[in-house]
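Architecture at a glance
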Amino acid sequence: MNTTVIVVAVLVIVAVLALFFLRKSKSSGSGAAQPEEIPALTPEQKELLRLSDTPGEDGLPFMFALTTCRHCKKTKEYLDSNDAKYHLLYVDEFHGKDRTDLMDKVRSYNPRGSFPTIVLPGGKVVVGFREQLLREALFHDSAVIAESSQGNS
């Protein structure tokens, strides 16, 4: 009877160790923790990152936005419906250090880090969907509206 108990105990220990090592090898692949794979940036994303270093300096508004933000969508619709030329960077399409750096840039213009954050030529910043401020900035303060739209204001 004692040998049966010992055999069962040994089998249980072997099974537990086998499960432990099996789980460890599945979760870590080669035994070491694998970093999350970061997708490569598209040429357009690389250009937007470059432009985000000095937003508005090329004469066009620069909008930091999120793909899931309803205020960002409304702002984009407003700019598009008025034929405004602008740069649009979706922060949530970036990962790792790029996203961290972008959030630092957003907070340098908007300490709350909320969206959209629009940096206009000349350094003026509009946060959120603020139609009146955008209208004044686009129609009166700069030349970002296409010629055909300026005649309608």
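What you are looking at is a predicted structure, and each value in this text was computed from that prediction instead of being measured.

1. Some thoughts on the environment of Val127
- Considering the arrangement of structural elements, one finds Val127 in strand β4 (residues 125-127).
- Look at Val127 and you get partly exposed, because its relative accessible area is 28%.
- Along the primary structure Val127 and Cys72 are separated by 55 residues, whereas in three dimensions their C-alpha atoms are 9.9 Å apart.
- Among all residues touching Val127, those that are not within four sequence positions of it are Asn110, Ser114, Pro116 and Thr117.

2. Thoughts on the packing of aromatic side chains
- In the structure shown here, the tally under the stated rule is two aromatic pairs.
- Relative to Phe64, the ring of Phe62 lies with its centre 4.8 Å away and its plane at 55°, an arrangement referred to as tilted.
- Taking relative accessible area as the criterion, Phe62 reaches 0% and is therefore assigned buried.
- On the accessibility criterion, Phe64 (0% relative accessible area) is buried.

3. Digging into the nonpolar core
- Core analysis: the largest hydrophobic core is formed by 29 residues, its most contacted members being Met63, Phe64, Leu79, Leu89, Val91, Leu102 and Phe115.
- For this core, the secondary-structure elements that each account for two or more residues are α2 (43-52), β1 (62-65), α3 (70-81), β2 (87-90), α4 (96-109), β3 (117-119) and α5 (131-141).
- Once you skip the residues sitting within four places of it in the chain, Leu89 turns out to touch Leu48, Leu49, Ser52, Phe62, Met63, Phe64, Ala65, Phe94 and Leu102.

4. Considerations on the sheet that holds β4
- Read across the open sheet, the four strands follow the order β2-β1-β3-β4; overall the sheet is mixed. Two strands in the sheet have a free side with no partner beyond their single neighbour: β2 and β4. Adjacent strand axes in the sheet meet at a mean angle of 15°, parallel and antiparallel pairs treated alike.
- Pairing geometry for β1 and β3, over three bridges, is antiparallel. From the neighbouring strand, Phe62 faces β3, where its bridge partner is Val119.
- Packed onto the sheet, α2 meets β1 and β2 and runs at close to 105° relative to β2.
- Of the strands in this sheet, β1, β2, β3 and β4 touch α4, which is tilted by about 75° from β3.

5. Some thoughts on the pattern of salt bridges
- Throughout the structure, instances matching the rule amount to five salt bridges.
- Measuring nitrogen to oxygen at the nearest pair gives 3.0 Å for the salt bridge that ties Lys97 to Asp101. Within this pair, Lys97 and its partner Asp101 are both found in helix α4, separated by four residues, close to a single helical turn.
- Using a relative accessible area of 61% as the deciding quantity, one classes Lys97 as exposed.
- Linking Glu131 and Arg135 is a salt bridge whose minimum nitrogen-to-oxygen distance equals 2.8 Å. Of the two residues, Glu131 and Arg135 are both situated in helix α5; the distance of four residues between them amounts to about one turn of the helix.
- The exposure class assigned to Glu131 is partly exposed, which follows from its relative accessible area of 33%.

6. Quick notes on the pairing of β1
- Neither face of β1 is left uncovered, since the one carrying Phe62 and Phe64 and the one carrying Met63 and Ala65 both have all their residues buried.
- On the question of chirality, the crossover connecting β1 to the parallel β2 by way of α3 is right-handed.

7. As for the confidence of the model for the protein chain
- Per-residue confidence for the protein chain gives a mean pLDDT of 83, with 71% of residues at or over 70.
- Here residues 144-153 is a poorly scored stretch, pLDDT under 50, and it has 21 contacts once near neighbours within four places are set aside; other chains count.

Here is what the cut-offs are and how they apply
- Residues numbered from 1 in each chain as written.
- Predicted model: local features only at pLDDT ≥ 70, side-chain atom pairs only at ≥ 80, totals over all residues.
- Heavy atoms only, no water.
- Helix = DSSP H or I, 4+ residues; strand = E, 2+ residues; numbered from the N terminus.
- Buried < 20%, exposed > 50% of the residue type's maximum accessible area, 1.4 Å probe, protein only.
- Contact = heavy atoms within 4.5 Å.
- Phe/Tyr/Trp six-rings, centres within 6.5 Å; stacked < 30°, edge-to-face > 60°.
- Core = buried A, V, L, I, M, F, W, Y, C linked by side-chain atoms within 4.5 Å.
- Pairing = 2+ DSSP bridges.
- Axes fitted to C-alpha atoms, helices over the stretch in contact; angles between N-to-C directions.
- Salt bridge = Lys/Arg side-chain N within 4 Å of Asp/Glu carboxyl O.
- Right-handed = clockwise from strand over helix to strand, strands pointing away.
- pLDDT = per-residue confidence, 0-100.

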